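Descriptive analysis of the structure
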Amino acid sequence: MSQPTATTPAQPAGTEALAAAARSVVDAVVRAGDHCAERAAELAARLRAIADELDRCAPPLQDRLGEMREFSRSVKYNPVTGPGNPFSPPLDCTDPDDAGDGTVRGAVALGLPYQGPPGHVHGGISALLMDHMMGVANGRAGVPGMTARLTLDYHRPVPLYQELTVTARHRSSDGRKVLTTGTIGAGGETYVSAEGLFIQPRTPLRE
Ligand SMILES: CCCCCCCC/C=C\CCCCCCCC(=O)SCCNC(=O)CCNC(=O)[C@H](O)C(C)(C)COP(=O)(O)OP(=O)(O)OC[C@H]1O[C@@H](n2cnc3c(N)ncnc32)[C@H](O)[C@@H]1OP(=O)(O)O
């Protein structure tokens, strides 16, 4: 088997490969749409059988909820960047290109499962990306907090199937109140800008 090179990115392994496969199923289901109507019942039964197999591996829900409190698992399974979560696109911010001013950057291209207006990204998905990336920026700035208020300006519809740059930056803190901004754009154009008020917990989070 050939080794991955700089031009052939490593394929995910283990549960990340499982999530990637499930993600590709979701994408293909929406892209195929009514064009697979004749085979839909048969394919649904096969997918259901796989879901049943996975269900048999899953621990009791309370145990799993307990595990998911761990920081490493919230990173792996969150719905925006989480490589272990098929719901995440995933947005790639592993190389945030931090300009030294606290700005975190990520890249993502969104397909049909994320459509709102025809050919464009659902506004709630943009809010999800913004909320999360601002949370990441706050975490990196050492001021993690819960979102109290999120304001978005939708300047232009966000196109599907185009690489988007998502940025976020912690701006200021006033006691436990944290002000953070973010953008979604491409090719020098800003489609969405956001401002968030986050509240730090009364008791600092454990590492
Ligand atoms: C802490 C965990 C963060 C995890 C980060 C991990 C590390 C980073 C790593 C990886 C990135 C992960 C990224 C995830 C990002 C996703 C974030 C989300 O989606 S969070 C879910 C949605 N948000 C909620 O569910 C909140 C629900 N609301 C609440 O729980 C409370 O209202 C809360 C915590 C926000 C505030 O409650 P209080 O009791 O702690 O604080 P009070 O005393 O009410 O307010 C403090 C000050 O803030 C003002 N304030 C509060 N809410 C406000 C609002 N909506 N508008 C304006 N001001 C508000 C108040 O007026 C007060 O101001 P004055 O000190 O008097 O000047």
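Since the structure is predicted, the reported quantities are computational estimates derived from the model, not experimental observations.

What counts and how
Residues numbered from 1 in each chain as written. Predicted model: local features only at pLDDT ≥ 70, side-chain atom pairs only at ≥ 80, totals over all residues. Heavy atoms only, no water. Patch = residues over 30% accessible without salt bridge, like charges linked within 9 Å, V, L, I, M, F, W, Y side chains within 5 Å. Areas by Shrake-Rupley, 256 points an atom, 1.4 Å probe, with all protein chains shown as cover. Salt bridge = Lys/Arg side-chain N within 4 Å of Asp/Glu carboxyl O. Helix = DSSP H or I, 4+ residues; strand = E, 2+ residues; numbered from the N terminus. Domains from an automatic or database assignment. Contact = heavy atoms within 4.5 Å. Polar contact = N/O pair within 3.5 Å; in protein donor to acceptor, adjacent residues only side chain to side chain. Buried < 20%, exposed > 50% of the residue type's maximum accessible area, 1.4 Å probe, protein only. 1 Å grid on protein atoms, 1.4 Å probe; cavity = no way out; pocket = protein on both sides within 12 Å on 5 of 7 lines; lining within 4 Å. Points joined across faces, edges and corners; volume = space filled by probe spheres on them. UniProt positions renumbered as here; feature names shortened; annotations may be inferred. Core = buried A, V, L, I, M, F, W, Y, C linked by side-chain atoms within 4.5 Å.

1. So, a nonpolar patch on the surface
Among the surface-exposed residues, Leu18, Val25, Val26, Val29, Val30, Leu47, Ile50 and Leu54 lie close enough to one another that they form a single nonpolar patch of about 610 Å² accessible area. Mapped onto the fold, Leu18 is located in helix 1 (residues 14-32).

2. A short note on the domain arrangement of the protein
By domain assignment, the protein separates into domain 1 (10-88) and domain 2 (93-199). A separation of 24 Å is found between the C-alpha centroids of domain 1 and domain 2. Facing the ten residues of domain 1 at the interface are eight residues of domain 2. Across the domain 1-domain 2 interface, the total number found is zero salt bridges. The interface formed by domain 1 and domain 2 includes one residue pair in polar contact (both at pLDDT 80 or more).

3. Considering the pattern of salt bridges
Taken as a whole and assessed by the stated rule, the structure comprises nine salt bridges. For Arg48, the salt bridge goes to Asp52, with nearest N and O atoms at 3.1 Å. Of the two residues, Arg48 and Asp52 both sit in helix 2 (residues 40-57), four residues apart, roughly one turn of that helix. Across the pair Arg169 and Asp101 runs a salt bridge, and its minimum N-O distance is 3.6 Å. Here Asp101 lies in the loop between helix 4 (71-77) and strand 1 (103-108) and Arg169 lies in strand 3 (residues 164-174), a separation of 68 residues in the sequence. The exposure class of Arg169 is partly exposed, given its relative accessible area of 27%. The exposure class assigned to Asp101 is partly exposed, which follows from its relative accessible area of 34%.

4. As for the layout of surface pockets
Counted as a void, the largest pocket has a volume near 1,700 Å³. Looking at the largest pocket, it is lined by 39 residues, and the ones nearest its centre are Phe71, Ser74, Val75, Gly135 and Pro144. Every element with two or more residues in the lining of the largest pocket is listed here: helix 4, helix 5 (123-140) and strand 2 (146-154). With seven residues, helix 5 is the single largest residue contributor to the lining of the largest pocket.

5. Some points on the UniProt feature "domain: Thioesterase" (unreviewed entry) in the protein
Taking the numbering used here, the UniProt-annotated feature "domain: Thioesterase" (unreviewed entry) corresponds to residues 119-169. Regarding residues 119-169, the helix share stands at 35% and the strand share at 29%, and the terminal C-alpha atoms are separated by 29 Å.

6. Topic: the nonpolar core
Ranked by internal contacts, the top residues of the largest apolar core, which has 30 residues, are Leu91, Leu110, Leu129, Met130, Leu164, Val166 and Ile184. When residues of this core are traced back to their parent elements, those giving at least two are strand 1, helix 5, strand 3, strand 4 (177-186) and strand 5 (189-199). With eight residues, helix 5 is the single largest residue contributor to this core. Sequence-distant contacts of Val166, that is, excluding residues within four places in its chain, are made with Leu91, Val104, Arg105, Gly106, Val108, Leu129, Met130, Met133, Thr183 and Ile184.

7. A look at the environment of Met130
Along the chain, Met130 falls in helix 5. Since its relative accessible area comes to 0%, Met130 is described here as buried. Once the C-alpha coordinates of Met130 and Thr183 are considered, the two residues, 53 residues apart in sequence, prove to be 7.1 Å apart. In this view, Met130 contacts Leu152, Val166, Thr167, Gly182, Thr183, Ile184, Val192 and Ala194; residues no more than four positions away in its chain are not counted.

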